[in-house]
Amino acid sequence: MMAGSGSGSAVAGGLARHIPVLGRPAVEFLDVLAGGIYIDATFGAGGLSRAILAAADCRVIGIDRDQSAIAQGADLVEVSQGRLVLVEDRFSNLDGVARGCGHEAVDGVVLDLGVSSMQLDEATRGFSFRLDGPLDMRMGGAGPSAADVVALAPERDLAAIIATLGDERHARAVARAIVAARSIAPIETTRALADIVGRVVHARPGKIHPATRTFQALRIFVNEELAELAAALTAAETVLRPGGRLVVIAFHSLEDRIAKTFLAARGRRPAFSRHLPEPTHTAPTFRILTGRPVTADDAEIAANPRARSAKLRAAERTDAQPAGETAADLLPRLPSLADEVSGARR
């Protein structure tokens, strides 16, 4: 845990200014209040935490599983004068982190999903095909790396991962190419994998890089991002006080679908049937604030093309008891490659 000292409302220094995608509407939907406690569950480069701290004399708990993000946030912690605490942890444990910081309930939670520009720009992290580096992709440094997955996963499972998490039409061809290449030499770098994918997914003018979808799929799988999101949504439902706000910014259709489905289910009264057991909860736990997702305007997309795929959804916690149900049923069915990789390594 990292915390500054003193008190006050100025937040001038810290990390180089990072402008988060849809940052302004995110803070507006949080409805930041003086004295409130807010969780930035995906701290990253600190852009949202900075904006929340600037909106009112509140306190922020920043969470990130990436140790380097926590370390680079040290200056922002210092200039926040005791209003920002950083915790190295998974955002699926945000309710536990809040309790560990002495808060049984909080006033807002924001989830800014996906990989940060800071991670993409560091070649040694292995997230980007633009920079040659080790094929790692782990946000927290633990568990199987992307290199482990491409080295040990069966072809069928690789195809399922790439098709489901990357939305790649050529997933089977990519998986075949990976298996063929690894039989000759280990695939240990981002450039090596990008070259393999590029042989079966051909570049088209004006379109995304051929390896984009494969890299995205491996990153999401290696970091268990969808399972993390499902658990984080349930944790937010548990820790938000009545009137507290939840904001989710997604860049991937599967992430957005999970958030949308969760909020839709928690935002309506369950149907009753005399032929079925009574539902475990009888009142909506959220009031939906965004009938349609908020998207970036032309100016933001021009300044940051990554904003094109961003969708923001927001909801307000009601005073109903938490549903007590996990959101795991919202996840796509995929092979448990983490088990297969660890088993193959043994």
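Going by the structure above, here's the rest.
Reading guide: rules and limits
Residues numbered from 1 in each chain as written. Predicted model: local features only at pLDDT ≥ 70, side-chain atom pairs only at ≥ 80, totals over all residues. Heavy atoms only, no water. Phe/Tyr/Trp six-rings, centres within 6.5 Å; stacked < 30°, edge-to-face > 60°. Helix = DSSP H or I, 4+ residues; strand = E, 2+ residues; numbered from the N terminus. Lys NZ or Arg CZ within 6 Å of the ring centre and 35° of its normal. Buried < 20%, exposed > 50% of the residue type's maximum accessible area, 1.4 Å probe, protein only. Pairing = 2+ DSSP bridges. Patch = residues over 30% accessible without salt bridge, like charges linked within 9 Å, V, L, I, M, F, W, Y side chains within 5 Å. Areas by Shrake-Rupley, 256 points an atom, 1.4 Å probe, with all protein chains shown as cover. Salt bridge = Lys/Arg side-chain N within 4 Å of Asp/Glu carboxyl O. Lys, Arg positive; Asp, Glu negative; His and termini not counted. Charge placed at Lys NZ, Arg CZ, Asp CG, Glu CD. Contact = heavy atoms within 4.5 Å.

## Quick notes on the packing of aromatic side chains
- Taken as a whole, this structure holds 1 aromatic pair when the rule is applied.
- For the ring pair F262 and F286, a centre distance of 6.2 Å and an interplane angle of 65 degrees mean the geometry is edge-to-face. Taken together, the residues F262 in helix α13 (residues 253-266) and F286 in strand β7 (residues 286-288) connect sequence positions 24 residues apart.
- Over the face of the ring belonging to F251 we find R306, whose NZ or CZ atom lies 4.1 Å from the ring centre.
- Above the face of the F286 ring, R317 is positioned so that its terminal group lies 6.0 Å from the ring centre.

## Regarding the pairing of strand β8 (residues 311-317)
- In terms of residue burial, β8 counts as a mostly covered element, since 6 of its 7 residues are buried.
- By the bridge criterion, 6 bridges tie strand β6 (residues 240-250) to β8 in an arrangement that is antiparallel. Paired with I249 across the bridge in β8 is L312.
- As judged from the 3 bridges shared by β7 and β8, these two strands associate in the antiparallel manner.

## Description of a positive patch on the surface
- Taken together, the side chains of R169, R204, K207 and R213 present a region of like positive charge at the surface.
- Position of K207 relative to the elements: it lies in the loop between α10 (190-198) and α11 (212-222).
- Judged by relative accessible area, K207 falls into the exposed class, the value being 55%.

## Some points on the pairing of strand β4 (residues 84-88)
- A large share of β4 lies buried, amounting to 4 of its 5 residues.
- In this structure, strand β3 (residues 59-64) lies alongside β4, joined through 5 bridges in parallel fashion. Within β4, the residue paired with D64 across the bridge is E88.

## Section: the environment of S145
- Following the sequence through the fold, S145 ends up in the loop between α6 (117-120) and α7 (146-152).
- Classification of S145 by relative accessible area gives buried; the value is 8%.
- Residues S145 and R219 lie 74 residues apart in sequence; the distance between their C-alpha atoms is 9.0 Å.
- Apart from residues no more than four positions distant in its own chain, S145 is found in contact with L135, D136, R138 and V222.

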